[in-house]
Amino acid sequence: MEVGQMQRRLIEYTKSLFMEGILDDQFLQLQQLQDESNPDFVVEVVSLFFQDAEKLLNDITRALDQQSVDFTKVDAHVHQLKGSSASVGAQRVKNGCIAFRNFCEEQNVDGSLRCLQQIKQEYYHVKNKLEALFRLEQQIVAAGGSVPMMELSF
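Residues numbered from 1 in each chain as written. Predicted model: local features only at pLDDT ≥ 70, side-chain atom pairs only at ≥ 80, totals over all residues. Heavy atoms only, no water.

(A) Focus on the overall build of the chain. Within the chain one finds six helices and zero strands. Its helices and strands in sequence order give the chain the pattern α-α-α-α-α-α, from N to C terminus. With the C-alpha coordinates aligned to their principal axes, the bounding extent of the chain is approximately 55 × 30 × 25 Å. Taken across its 154 residues, the chain has 39% of its residues classed as buried. Nonlocal contacts in the chain, meaning residues at least 24 apart in sequence, comprise 68% of its contacts between residues at least 6 apart. Surface summary for the chain: the accessible area is close to 8,600 Å², and the carbon and sulfur share equals 47%. (Helix = DSSP H or I, 4+ residues; strand = E, 2+ residues; numbered from the N terminus. Buried < 20%, exposed > 50% of the residue type's maximum accessible area, 1.4 Å probe, protein only. Contact = heavy atoms within 4.5 Å. Areas by Shrake-Rupley, 256 points an atom, 1.4 Å probe, with all protein chains shown as cover.)

(B) View of the packing of aromatic side chains. By the definition in use, this model includes four aromatic pairs. Aromatic side chains F49 and F50 sit 5.9 Å apart centroid to centroid with 50 degrees between the ring planes, which places their arrangement in the tilted category. Residue F50 is classed as buried on the basis of its relative accessible area, which comes to 9%. One Lys or Arg, K127, reaches over the ring of F50 and ends 5.6 Å from the middle of that ring. (Phe/Tyr/Trp six-rings, centres within 6.5 Å; stacked < 30°, edge-to-face > 60°. Lys NZ or Arg CZ within 6 Å of the ring centre and 35° of its normal.)

(C) Highlighting the pattern of salt bridges. Within this structure, the stated rule accounts for eight salt bridges. Measuring nitrogen to oxygen at the nearest pair gives 3.6 Å for the salt bridge that ties K94 to D24. Here K94, found in helix α5 (residues 91-106), pairs with D24, found in the loop between α1 (3-19) and α2 (25-32); they are 70 residues apart in sequence, far enough to count as distant. Accessibility expressed as a relative area gives 21% for K94, which makes it partly exposed. On the accessibility criterion, D24 (14% relative accessible area) is buried. (Salt bridge = Lys/Arg side-chain N within 4 Å of Asp/Glu carboxyl O.)

Below, the structure is given as structure tokens:
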């Protein structure tokens, strides 16, 4: 595949992530912080999000598995995951965390467990999509091209 074709494919793929509500404008703002002096900025920040999210999802799972659930602890983990997902533009994960916090407030174990499964599903979905995006960017660079910047208006 030639570079121009890969660049167009990248733009269309990225647009689809926004149109499907997987990412929000925060991801574009993150991309705008990347420059020649720090060409891997977005990948590094998103990789930190992946590490943080996996740890938090495990912490939430363990906390909900307890005989007596400490909803204050669960809510603190969910709040942290919400902030982390919001910082990279992972919109569906963030929105799931907002709903989850309502179940924590109600101390609803069943609702919390359902919400946790939904958030895990959304997390792995956005992770797979972003990993595919980064692979496409790497292919463009390896072919001698440059990664096109997304416009805020599409």
